[in-house]
Amino acid sequence: MKFFADTSDLDAIKDLADCGMLDGVTTNPSIIAKSGKEFIPLIKEITEICDGPVSAEVASTDFETMMKEGEKLTGLADNIAVKVPLTEAGLKVCKNLSSNGTMVNVTLCFSPLQALLAAKAGASFISPFVGRLDDIGQEGMSLISEVLTIYENYPDFHTEVLVASVRHPQHILESALLGADVVTCPPSVIKQMYNHPLTDKGLEGFVKDWAKTGQSIL
Ligand code: E4P
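Scope of this entry: the structure provided in the associated data block. (Residues numbered from 1 in each chain as written. Predicted model: local features only at pLDDT ≥ 70, side-chain atom pairs only at ≥ 80, totals over all residues. Heavy atoms only, no water.)

As a further point, take the overall build of the protein. Scanning the protein for helices and strands turns up eleven helices and eight strands. When the backbone C-alpha atoms are referred to their principal axes, the protein occupies close to 70 × 40 × 30 Å. The 218 residues of the protein split such that 45% are buried. Taking the 17 positively charged and 29 negatively charged side chains of the protein as two groups, their mean positions are separated by 3 Å. (Helix = DSSP H or I, 4+ residues; strand = E, 2+ residues; numbered from the N terminus. Buried < 20%, exposed > 50% of the residue type's maximum accessible area, 1.4 Å probe, protein only. Lys, Arg positive; Asp, Glu negative; His and termini not counted. Charge placed at Lys NZ, Arg CZ, Asp CG, Glu CD.)

This brings us to the pairing of strand β3 (residues 54-57). Successive residues of a regular strand alternate their side chains across the two faces of the sheet. A two-sided burial pattern is seen for β3, the buried positions comprising Val54 and Ala56 on one face and Ser55 and Glu57 on the other. Across two bridges, strand β2 (residues 24-26) lies against β3 in parallel orientation. Among the inter-strand pairings, valine 25 is bridged to a residue of β3, identified as valine 54. In this structure, β3 lies alongside strand β4 (residues 80-85), joined through four bridges in parallel fashion. The partner of valine 54 across the bridge, within β4, is isoleucine 80. Where the polypeptide runs from β3 across helix α4 (residues 63-74) and back to β4, its parallel neighbour, the crossover connection is right-handed. (Pairing = 2+ DSSP bridges. Right-handed = clockwise from strand over helix to strand, strands pointing away.)

Now for the nonpolar core. One finds Ile80, Val84, Val106, Ile126, Ile144 and Tyr151 to be the most contacted residues of the largest nonpolar core, which totals 57 residues. Not counting residues up to four positions away in its chain, the partners in contact with isoleucine 126 are Leu86, Asn105, Val106, Cys109, Ala115, Ala118, Val147, Tyr151, Thr159, Glu160, Val161 and Leu162. Membership of the second largest hydrophobic core comes to five residues, among which are Phe4, Ala81, Leu162 and Val182. (Core = buried A, V, L, I, M, F, W, Y, C linked by side-chain atoms within 4.5 Å. Contact = heavy atoms within 4.5 Å.)

Moving on, we come to the sheet that holds strand β5 (residues 103-109). Here we have eight strands rolled up into a closed barrel, ordered β1-β2-β3-β4-β5-β6-β7-β8, and parallel in their pairing. The mean angle between the axes of side-by-side strands here comes to 30°, regardless of whether they run parallel or antiparallel. Strand direction decides the pairing type here: β4 and β5, joined by five bridges, are parallel. Bridge pairing links valine 82 to valine 104 in β5. Lying on the sheet, helix α3 (residues 39-49) is in contact with β2, β3 and β4; it crosses β3 at an angle near 170°. This element, helix α6 (residues 112-120), spans β5 and β6 (125-128) of the sheet and lies at about 165° to β5. (Axes fitted to C-alpha atoms, helices over the stretch in contact; angles between N-to-C directions.)

Okay, the packing of aromatic side chains next. The full count for this structure, using the stated rule, is four aromatic pairs. Ring plane angle 50° and centroid distance 5.8 Å describe the contact between tyrosine 154 and phenylalanine 157, whose orientation is recorded as tilted. Exposure remark for tyrosine 154: the relative accessible area of 47% places this residue in the partly exposed category. Members of the aromatic cluster, connected to one another through ring pairs, are Tyr151, Tyr154 and Phe157. When the ring centre of phenylalanine 63 is taken as origin, the NZ or CZ atom of lysine 92, which lies over that ring, is 4.5 Å away. (Phe/Tyr/Trp six-rings, centres within 6.5 Å; stacked < 30°, edge-to-face > 60°. Lys NZ or Arg CZ within 6 Å of the ring centre and 35° of its normal.)

Looking now at unusual backbone geometry. Although it is not a glycine, leucine 108 sits at a positive phi angle of roughly 60°. Owing to a relative accessible area of 33%, leucine 108 belongs among the partly exposed residues under this scheme. Unlike most non-glycine residues, serine 165 shows phi in positive territory, near 60°. Of note, serine 165 is situated in the loop between β7 (160-163) and α9 (169-178). Under the relative-accessibility criterion, serine 165 is labelled buried at 9%.

Okay, structure coming up:
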């Protein structure tokens, strides 16, 4: 399973890369706005840190402008995945860019039928948003299960299921059990996965007992 960092925080991205926990990065206009930084140079910097796909989202909603934005973003680095919204115009952009070999991440997916359309449009990634579905009282993970079933039924589809809007480690566990290709999550959620109280307790005991031996390994 691949881990993408859903952030534009360069230190957090480097930190995950150093631990071998970074397979890609996703951003969106809200993440960029929060960073307070210039979009294009920031994305370029991220592509230099991360070898895997870096999703950069178009800002317009009409076909012609999204195409121009997508082409500009594609030119920034070889590992750019252009992120487009799951609209009719967005899927038309997806079809055009993916036909030219550009990776496209179709975002804001909330139904299995939308995911079916994205696969037909040649998306490299479909991003179903589990947390936002949970927020409105629906089962976000059921969407992942349905999308995976549909894609498995049609082996000609090559779209990877990228679980997005991840809020807690349980989303990652369930994604892994279902066999989702990728999860994208805030670095803080990946950090939570390291923790277990028995690990802390066990380590404390080992450190104490080792001190009693009076030895040093070095
Ligand atoms: C995915 O690519 C999105 O950027 C992201 O996961 C959205 O998450 P949110 O619902 O926490 O904003």
